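# A look at the structure
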Amino acid sequence: MTWLDEVRAAVRQPWGQWSRLGLIIALLGAVVDQGFKLFMIFVVEIDKVQPIAVGPYLELVMAWNFGVSYGLLTQESDAGRWMLFAIKVAAVIGLWLWLSRVTSRLVAVSIALIIGGAIGNAIDRATWGAVADFFHVFVEEWGFSWYIFNLADVWIVAGVIGLLYDSLRPGHDDATKSSSS
């Protein structure tokens, strides 16, 4: 079966053995991300009280990301905003079709985490025109400052780590293979 046949099959049957679990994880991830963002913006009013020290190497700040990861592809125009939103929607659809075909629970959970993170950040992009980021990791003694990120980014990174782990472990279920392979 070619990759195009796989895509056609997934479009015809967009629900698989792990889809229910994937849907729950993705929605839960997006809801927790959005709840935290709304809490930080409207309850804590982070823009007025920042930075908030959480520990010696972590603080909460308010940063709006008009691009994608690390601020790449910064788009401040409405056209750019909606282009990035459309890319997120396309990515979520593609990931969902992949999820509908996997046979491994780890791969399904990993993809669902990525979907949940993408949905959380897409909601920001549609609502605010940019993605709200809050967590700043740094080590002042070393002059180290990591980029500012949010919970959706954590979900995405956790999902990617899960996919990498699955692909590297002995006897893994190949994440590129579907139940029809």
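Averaged over all residues, the pLDDT of the protein is 86; the fraction at 70 or higher stands at 83%. Averaged pLDDT values over the elements of the protein bottom out at 67 in helix α1 (residues 3-12) and peak at 97 in helix α2 (residues 19-43).

A separate point is helix α5 (residues 105-128). If you check α5, its first and last C-alpha atoms are 34 Å apart, about what 24 residues at 1.5 Å a residue would give, namely 34 Å. N-capping of α5 is provided by S104, with a side-chain oxygen placed 3.3 Å from the backbone N of L106. The positive-phi residue at the C-terminal boundary of α5 is G129, with phi of around 85 degrees.

The next subject is the packing of α5 against helix α6 (residues 151-168). Contact geometry of α5 with α6 gives a least axis separation of 7 Å together with a crossing angle of 155 degrees. The angle between α5 and α6 places the two elements in the roughly antiparallel class. The crossing of α5 and α6 is left-handed. Residues L106, V107, S110, I111, L113, I114, G116, G117, A118 and N121 of α5 form the contact with α6, whose own contacting residues are A152, D153, W155, I156, A158, G159, V160, G162, L163, Y165 and D166. Here the residues of the contact of α5 with α6 are counted per class, giving 13 nonpolar, six polar and two charged.

This part takes up the nonpolar core. Ranked by size, the top nonpolar core spans 14 residues in total, and within it L99, V102, I111 and I115 carry the most contacts. Considering each element in turn, this core owes the most residues, six residues, to α5. Not counting residues within four places of it along the chain, the set of residues in contact with L99 comprises W18, G22, A108, I111 and I115. Listed in part, the eleven residues of the second largest apolar core include I41, F134, F149 and L151.

Rules used in this analysis
Position numbers for residues count from 1 along each chain, tracking the sequence in the order it is written. The predicted nature of this model means local features are confined to residues of pLDDT at least 70 and side-chain atom pairs, given and counted, to a pLDDT of 80 or more, with totals for whole chains, interfaces and linings taken over all residues. For side-chain calculations, the full set of non-hydrogen atoms in the structure is used, while hydrogens and water are omitted. Within a predicted model, pLDDT stands for the predictor's per-residue confidence, ranging from 0 to 100. In this description a helix means any DSSP run of H or I spanning at least four residues, a strand means any run of E spanning at least two, and both kinds are numbered starting from the N terminus. Helix span, as expected, comes to 1.5 Å for every residue beyond the first. For this analysis, a polar contact is any N or O atom pair within 3.5 Å, provided that within protein one partner can donate a hydrogen and the other can accept it, and provided that sequence-adjacent residues contribute only side-chain to side-chain pairs. Angular values range over 0 to 180 degrees, each being the angle between N-to-C directions of two axes fitted as lines to C-alpha atoms, with helices fitted over their stretch in contact. The labels follow the angle: roughly parallel below 35 degrees, roughly antiparallel above 145, roughly perpendicular from 65 to 115, and oblique for the rest. Working rule for handedness: look at the near helix, and if it is turned counterclockwise from the far one by less than a right angle, call the crossing left-handed; if clockwise, right-handed. Pairs of residues are marked as contacts when any of their non-hydrogen atoms sit within 4.5 Å. The residue classification treats Ala, Val, Leu, Ile, Met, Phe, Trp, Tyr, Cys and Pro as nonpolar and Asp, Glu, Lys and Arg as charged. All others, Gly included, are polar. Nine residue types can take part in a nonpolar core, namely buried Ala, Val, Leu, Ile, Met, Phe, Trp, Tyr and Cys, and a core is a set of them joined through side-chain atoms within 4.5 Å. For every residue, the accessible area (1.4 Å probe, protein chains only) is compared with the maximum for its type, and the residue is labelled buried under 20%, exposed over 50%, or partly exposed between those bounds.

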